[in-house]
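Working through the structure, step by step
Now for the letters of each chain:
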Amino acid sequence: MKRKLYGGEPHPEVANSLNNLGALYLALGKSRKSIDYFEQSIAMSQQLYGAQPHFDTASTLGNLGAIYLALGNRSKATELLQNSYDMFIK
């Protein structure tokens, strides 16, 4: 995986790969597993970009929000989707 390529350091390509893995598991119907990868991607994006709004972080927050909405957790979904929207606006 790209983590080995970049020596375990936070890197935009690794964060993007984690997001893609989350999307893959979601497409396979494994929502719970996809949540783990989306959360890892968000954490790495926040390490890379801090509080600055960034497209990658906003996109992954939206993906995660959509999963929580599908799982029936409206409060968590609303929080994540609102954060995603706010980042896209900035």
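Here, every reference points to the structure presented above.
Described in the following lines is the structure provided in the data block. (Residues numbered from 1 in each chain as written. Predicted model: local features only at pLDDT ≥ 70, side-chain atom pairs only at ≥ 80, totals over all residues. Heavy atoms only, no water.)

Overview of the environment of Q82
By the element assignment, Q82 lies in helix α5 (residues 74–89). Along the sequence, Q82 and L21 sit 61 residues apart, while their C-alpha atoms lie 23 Å from each other. (Helix = DSSP H or I, 4+ residues; strand = E, 2+ residues; numbered from the N terminus.)

As for the packing of aromatic side chains
Applying the stated rule across the entire model yields two aromatic pairs. Geometrically, the ring pair formed by Y25 and Y37 is stacked, given 5.4 Å between the ring centres and 0 degrees between the ring planes. With a gap of 12 residues between them, Y25 in helix α2 (residues 12–27) and Y37 in helix α3 (residues 31–49) connect regions that are remote in the sequence. When its relative accessible area of 19% is taken as the criterion, Y37 is described as buried. Centroid distance F55 to F88: 5.5 Å. Interplanar angle 65 degrees. Geometry classified as edge-to-face. (Phe/Tyr/Trp six-rings, centres within 6.5 Å; stacked < 30°, edge-to-face > 60°. Buried < 20%, exposed > 50% of the residue type's maximum accessible area, 1.4 Å probe, protein only.)

Some points on helix α4 (residues 55–70)
With 16 residues, α4 should reach 22 Å at 1.5 Å per residue; the first-to-last C-alpha distance of 23 Å fits that figure. Taken together, the buried positions of α4 are T57, A58, T60, L61, G62, L64, G65, I67 and Y68. Looking one or two places after α4, you find G72, whose phi comes out positive at around 90 degrees. (Expected span 1.5 Å × (residues − 1).)

Focus on the packing of α2 against α3
The contact between α2 and α3 brings their axes to 8 Å, and the two run at 165 degrees. Classified by the angle their axes make, α2 and α3 are roughly antiparallel. Crossing hand, α2 versus α3: left-handed. Between α2, through P12, V14, A15, L18, N19, L21, G22, A23, Y25 and L26, and α3, the contact on the second element is made entirely by S31, K33, S34, Y37, F38, Q40, S41, M44, S45, L48 and Y49. (Axes fitted to C-alpha atoms, helices over the stretch in contact; angles between N-to-C directions. Parallel < 35°, antiparallel > 145°, perpendicular 65-115°, else oblique. Left-handed = near helix turned anticlockwise from the far one by under 90°. Contact = heavy atoms within 4.5 Å.)

The values reported here are purely geometric and, on their own, carry no functional implication.
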